[in-house]
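Breakdown of the fold
Listed below are the residues making up each chain.
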Amino acid sequence: MTAWLRDLRLGARFAVSGREGWFRTLLTAFGVGCAVALLMLATALPGMMNSRNTRGAERDLSYYGNPLAASATTILVRDANTTFHGDDVHGEWVKPEGDRVPTPPGLPAWPTDGTMYVSPALRALLASPEGALLKQRLPFRDVGTVGDAGLVGPGELAYYAGDAALTVPADGSRSQNSTYRTNSIGGHVITDGLSPMLMLLTVITFVVLLVPIGVFLATVVRIGGERRDRRLAALRLVGVDIRGTHRVAAGEALVGAVLGVASGFGIFLLARQFVAAVDLLGLSVFPSDIAPQAGLVGWISLVVPLLAVAVTTFSLRGVTIEPLGVMRSSTPPRRRLWWRLLAPAVGAALLLSTSFGTTFSSTAQRQLIAGVVLLLVGVTMLLPWVMERAVGRMNGGPVPVQLGSRRLQLSGGTASRAVSGVAVAVAGAIAVQSLFSAASGQFTTDTGRDLSRAQAGINGSVEDAAQATAVVSKLRGTAGVLGATSLLSDYSVAVPGSDQPLTVLVGDCTTLVEYAAITDCSDGGAYLVNNPPPGEPANDQQPALHPGEKVDLRGAALDTSHPIRPDYWKIPASLRSAPARVGPDGMPRTGLFVTPATLDPQRLGGVFLTSAIRLAPDDPDAIERARTAVAVAIPGLDVDSYSATKIDRKFSNIQRGLMVGAIVTLLLIAIGMAVSTTEQLRERKRLLAVLVAFGTKRSTLALSVLWQSAVPVVIGLALALAGGLGLGALLMRMTSSSIHFDWGVVTTMLGAGAGAVAVATLLSLPALWRLMRADGLRTE
C-alpha cells in the first residue's frame, strides 16, 4: 500500500508539474468533463419528462363529470388550441362565474374580458413580423405573462384569454362552440405506460447513446500517451520497476479524471443556465427540470476515475517500457483477430436468444442491453485490426499522402481510437434508426385523407347555417385558398316510428359529389346514402325513408327531457339512393344528402360544418391564412392540416429524443477529437518544426494531417455501416419485423459522422499552423 500511494503521488505530481503537464491534464479534464456533463444530463432525463408532464396536468381545465350549475367556483372554458407553422399553440378562452375560482399555476389572475396572459415565447412571436397572421387570431390585449409553472417548457406558445361572451346551455353541458363549465383546476398525471415495443425502443435508444460516451471516456483519458511513455522510460532508468511505472501512469490519469469530474459538474451547471434558450427539434426545457439523480451522480463520480485508472493500466499491457526507450516507437506486432470477434459473437448470441413478445421482461431487457453493448464495443475492438490491415498496404503517392500514410502505419492505434467514438455512435444510430423504420408501421396509421382532393379541412359546430356560409365565403376569398366546400350536417332529425336519428346533409352539387357517389346531381335533388363504402364499418345505419314522409328537423321525439317544438319537413318525391364515398377527410358519411333548393339549411337544428379546403401548393403561408380567416370569423373553430398518415405521439417523442441525443453525442465526440488531435500535434511539434526547417511546405503538412483524418474516418464509417446494419438486422429479427433498411437515414447518419470528424479536423488546423515554427526546434 505504501508503494501504491508513493507511485500514485508521483504520477499526480507529473500531472500538475510544468506547463506541459498542466496543459495535458487540463485537456484531459476538459474531455472527461464534457462526457460527465452529458452523463449527468442522461440521468436527469426521466425527471425532466416527468416535470413537463406534471406541469401539463396541473394546469388542465378539462371536466368530465355530470353537468355543473353556475356557482362561485365555476368557470366557462373554451379550448382554443391552434397551430402556427407546425408549432402547437396552447390556448384557453375563459369566463369566471364567481370570485372563488382558483387560478392554474403560472397565472396571477384570470384575464378579464378582451385581455390575455401570454407565454414569453408567444409574446416574442406576436411582436415579430413572422407572427402577424397569428396575431390576427388573438384579438385580445396583452396584460401579463404566463409564469414558468404554467408552461411545459420555456419555448411553449401558450395563452389564456378572457371572453365575456362565452355561454353554455342551461343544463351546463357542452355547447355547440365547445364551451364547457368546470370547477376542476389541475388533475392527476395520467400515464398509460409504454407498450413492449416502445419500451424496447426506449432501452435501445439509451444504450446506443451511452455506449459512445463510454468509448469517448476511454479515449480521452489516454491523451498524451506517447509523452507519458517516454517519462516512464526515464523512471525505469532510475530504477522503477514495471509495476511501479503502471502505478505512476495510473496516478497521472487519476488526477485528470478527478479534475474532469469536477469540471463536468461545472460544465453541467453552466450549460443548464442557458438551456432555456435552446429549442432543439421542438423540445425546450427549464433549467430547474434538469436535476440529475443524486445516486447516479455519485456512481458517475466514482466510476469515471476508476475507469481512467483501468484504461490507462490496460493500455500499457502491450507496451514494453525499458530504461533506454519504449518499444512502441518500433514496428508493433501484428494484431490478432480471433479474440476481437468474441465480443460481437457473444452479443449476437444474446440478441438471438432474447425473447420478445407481448411482454418485455427484466431478463430480456438485461440480455438486450448486454447484447447491444457487446456488439457496439466489438466495433471498437475490430477497428484497430481493420485499420492495421488497410494502412499497411499504403505506399507511394504524393508527398502529403506518403507522410500521412507513414504516420498511420506507425501510430494506427492512436488514429483508430480517435474515430472509435464516431464509429460506435454511427453504428448504434444506424441500427436503432433501422429498427424505428421497421417498427414505424405499428405506430403509423393511415388517415385515409386524399391530399389530391383537399389539403386542409374544417370539422366543427357552428351556430347556424348563416354563420357557416359566412366563414366559407371568407375562406374562399383568402389568398392561397383555391377552393372550399360547405357541407352542413344535422345528426338529430327524427323519423316517425323510428328511434334511430336521421342524418341530413345539405350542400351544393359540387360538395355533395365529394362525399357521396352521386352521378346525376341536380339542384333540388335528394339522395339517401345508407351503406358505407366497401371495407368501412357499418356503424352509421340510417332509418328507412319514403317519398312524401314527414320528418322532424328539431328531433323532438328523440329528446324527451326538454320540450322542443317540432319542425316537420316532407321528404321530396325525387328521393333516390346513392352509394357512399369516402370524403377528402378520410371519413365516409351516410344519411340524406340534399341541396339547398331542396331544404333551406336555416331550418337545421344543430349545425355541423364540414369543409374540404384546397390550397395553393407553392404558398407555404396559405394554411396559416386559412386558419386566421376561420378563427376571425368563428373564434375557437380551427382548420386541420391534412396528412396521409398519423404517427403515435409516444413513438414520435422517443424518435425525437434519439435524434436530439445523437446530435449532442456527435458534438461531444467532435470536441473530444479536436482535443485529441491537438495533443497529438503537440507531441509531434519537434518533428513538424524539423520538416518545415528542411523546406517542407506548410500546405503539404496540412494536407498530410487531413489525410491522417480522412483514412481512419472512411475505414471507421465502413465498419460502422457493417456493424450498424448487422445490429439492426438482429434487432428487427428479434422483434419479428421484416428486415429492410431506410437508406436515406443510413446515409444521413454516415454524413453526420463524417461531418463530426471534419469539424474536429478543422478545429485542430490553427494549432497545426502555430506548431510549424522554428521555435519548435528548441529543447531542454
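Being a predicted model, the structure only gives us computed values, none of them experimental. For every chain, the first residue of its written sequence is number 1, and the numbers climb from 1 along that sequence. With pLDDT at 70 or above as the cut-off, local features in this predicted model cover only qualifying residues; side-chain atom pairs require 80 or more to be listed or tallied, and sums for whole chains, interfaces and linings still use all residues. Working from all heavy atoms in the structure, the side-chain values ignore hydrogens and water.

**Regarding the overall build of the protein chain**
Every helix listed is a DSSP run of H or I at least four residues long, and every strand listed is a run of E at least two residues long, numbered separately from the N terminus. What the protein chain contains, in helices and strands, is 19 helices and 22 strands. Summarising its shape, the C-alpha atoms of the protein chain cover approximately 115 × 55 × 55 Å along the three principal directions. Residues classed as buried in the protein chain amount to 49% of the 780 residues present. By definition in these notes, contact holds between two residues if any of their heavy atoms fall within 4.5 Å. In the protein chain, the share of contacts with a sequence separation of at least 24, taken over all contacts with a separation of at least 6, comes to 82%. Values of accessible area rely on a 1.4 Å probe in the Shrake-Rupley scheme; residue burial ignores everything except the protein chains shown. In the structure as shown, the protein chain presents an accessible area of about 35,700 Å², 60% of it carried by carbon and sulfur atoms. For the exposure calls, accessible area comes from a 1.4 Å probe over protein chains only, and a residue counts as buried if that area is under 20% of its type's maximum, exposed if over 50%, partly exposed in between.

**A few points about the pairing of strand β6 (residues 157–162)**
Among the 6 residues of β6, 6 are classified as buried, and the element is accordingly described as predominantly covered. DSSP-based pairing: two strands are paired if at least 2 bridges between them are found. In this sheet, β6 lies alongside strand β3 (residues 87–96) in parallel orientation, the contact comprising 6 bridges. Paired with Val-89 across the strands is Leu-157, a residue of β6. In this sheet, β6 lies alongside strand β4 (residues 115–118) in antiparallel orientation, the contact comprising 3 bridges. Note that in β6 the partner of Tyr-117 across the bridge is Tyr-160.

**Let's talk about the packing of helix α2 (residues 18–58) against helix α16 (residues 649–683)**
Here the axes come from fitting lines to C-alpha atoms, over the contacting stretch only for helices, and the angles between their N-to-C directions go from 0 to 180 degrees. Put simply, α2 and α16 touch, their axes get as near as 10 Å, and they point 170° apart. Considering their axes alone, α2 and α16 lie roughly antiparallel with respect to each other. Here Glu-20, Phe-23, Arg-24, Leu-27, Phe-30, Cys-34, Ala-35 and Leu-38 of α2 come into contact with α16, specifically with Val-664, Thr-665, Leu-668, Ile-671, Val-675, Glu-679 and Arg-682. Tallied by class, residues from the contact of α2 with α16 come to 10 nonpolar, 1 polar and 4 charged. Each angle receives one of four descriptions, namely roughly parallel if under 35 degrees, roughly antiparallel if over 145, roughly perpendicular if within 65 to 115, and oblique otherwise. Each residue is assigned to one of three groups, with Ala, Val, Leu, Ile, Met, Phe, Trp, Tyr, Cys and Pro labelled nonpolar, Asp, Glu, Lys and Arg labelled charged, and all others, Gly among them, labelled polar.

**Some details on the packing of α2 against helix α7 (residues 242–274)**
α7 packs onto α2 with a crossing angle of 50° between their chain directions and a minimal axis gap of 6 Å. On the basis of their axis angle, the class for α2 and α7 is oblique. Where α2 crosses over α7, the two elements pack in a sense that is right-handed. Contacts from Arg-24, Thr-25, Thr-28, Ala-29, Val-32, Gly-33, Cys-34, Val-36, Ala-37, Met-40 and Leu-41 of α2 reach α7 at Glu-252, Val-255, Gly-256, Ala-257, Leu-259, Gly-260, Val-261, Ser-263, Gly-264, Phe-265, Ile-267 and Phe-268. For the contact of α2 with α7, the per-class residue count stands at 14 nonpolar, 7 polar and 2 charged. In this scheme the crossing of two helices becomes right-handed for a clockwise turn of the near helix relative to the far one and left-handed for an anticlockwise turn of less than a right angle.

**A look at the environment of Tyr-568**
Secondary-structure assignment places Tyr-568 in strand β17 (residues 568–570). For the pair formed by Tyr-568 and Arg-272, sequence separation is 296 residues and the distance between their alpha carbons is 68 Å. When near neighbours in sequence (up to four residues on either side) are disregarded, Tyr-568 contacts Lys-550, Val-551, Asp-552 and Arg-603.

**Focus on the state of the cysteines**
Any cysteine sulfur atom paired with another within 2.5 Å is treated as part of a disulfide. As enumerated under the stated definition, the model contains 1 disulfide in all. Between the sulfur atoms of Cys-509 and its disulfide partner Cys-521 the distance amounts to 2.2 Å. Residues Cys-509 and Cys-521 are joined by a disulfide whose S-S torsion is about -80°; by sign, that bridge is left-handed. Here Cys-509, found in helix α14 (residues 509–515), pairs with Cys-521, found in the loop between α14 and β15 (526–529); they are 12 residues apart in sequence, far enough to count as distant. Take Cys-521: its relative accessible area is 21%, and that puts it in the partly exposed class.

**Remarks on the side chain of Thr-485**
Mapped onto the elements, Thr-485 comes out in the loop between β12 (481–484) and β13 (487–493). One polar contact links the side chain of Thr-485 to the main-chain amide nitrogen of Ala-612, over a distance of 2.9 Å. The contact partners of Thr-485, leaving out residues within four places of it in the chain, are Val-472, Arg-476, Thr-511, Tyr-515, Thr-610, Ser-611 and Ala-612. Polar contacts, as counted here, are pairs of nitrogen or oxygen atoms within 3.5 Å of one another; within protein the pair requires one atom able to donate a hydrogen and one able to accept it, and residues that are adjacent in sequence qualify only if both atoms are side-chain atoms.

**Things to note about the nonpolar core**
What makes a nonpolar core is a set of buried Ala, Val, Leu, Ile, Met, Phe, Trp, Tyr and Cys residues whose side-chain atoms join them at distances within 4.5 Å. Residues Leu-200, Leu-368, Val-372 and Leu-731 are the most contacted members of the largest nonpolar core, which totals 69 residues. Contributions of two or more residues to this core are made by α5 (196–220), α9 (342–353), α10 (362–391), α12 (412–443), α16, α18 (698–734) and α19 (743–771). A per-element tally of this core places α12 first, with 16 residues. Those residues within four positions of Val-372 in sequence are excluded, and the remaining contacts are Val-207, Val-208, Leu-351, Leu-727 and Leu-731.

**Digging into the pattern of salt bridges**
A pair can form between side chains of opposite charge whenever their charged atoms are brought close. We define a salt bridge as a contact between a side-chain nitrogen of Lys or Arg and a carboxyl oxygen of Asp or Glu at a distance within 4 Å. If you walk through the whole model with that rule in mind, you get 16 salt bridges. When the shortest N-O distance is used, the salt bridge between Arg-181 and Glu-97 registers 2.7 Å. Separated by 84 residues along the polypeptide, Arg-181 in strand β7 (residues 179–182) and Glu-97 in the loop between β3 and β4 bring together distant segments of the chain. Of the residues examined, Glu-97 reaches a relative accessible area of 27% and is grouped as partly exposed. Between Arg-627 and Glu-624 there is a salt bridge whose closest N-O contact spans 3.0 Å. On the criterion of helical spacing, the pair formed by Arg-627 and Glu-624 is a turn pair, its members being 3 residues apart in helix α15 (residues 622–633).

**A few points about the side chain of Thr-511**
Relative to the helices and strands, Thr-511 resides in helix α14. Residue Thr-511 is classed as buried on the basis of its relative accessible area of 1%. A distance of 3.4 Å separates the side chain of Thr-511 from the backbone nitrogen of Ser-486, its partner in a polar contact. Contacts of Thr-511, omitting those with residues within four sequence positions, involve Thr-485, Ser-486 and Leu-487.

**So, unusual backbone geometry**
In this model, His-85 sits at a positive phi of 50°, which is unusual for a non-glycine residue. In this structure His-85 comes out as partly exposed when scored by relative accessible area, which is 43%.

**Considering the packing of aromatic side chains**
Working definition: a ring pair exists when centres of Phe, Tyr or Trp rings (six-membered ring for Trp) sit within 6.5 Å. Plane angles under 30 degrees give stacked, over 60 give edge-to-face, the rest tilted. Taken as a whole, this structure holds 5 aromatic pairs when the rule is applied. Note on Phe-443 and Phe-651: the rings are 4.9 Å apart at their centroids and 10° apart in plane angle, and the pair reads as stacked. Note that Phe-443 is positioned in helix α12 and Phe-651 in helix α16, a separation of 208 residues in sequence. For the residue pair Phe-443 and Phe-651, the accessibility class agrees, reading buried in each case. With a centroid separation of 6.0 Å and 50° between ring planes, the pair formed by Phe-741 and Trp-743 is classed as tilted.

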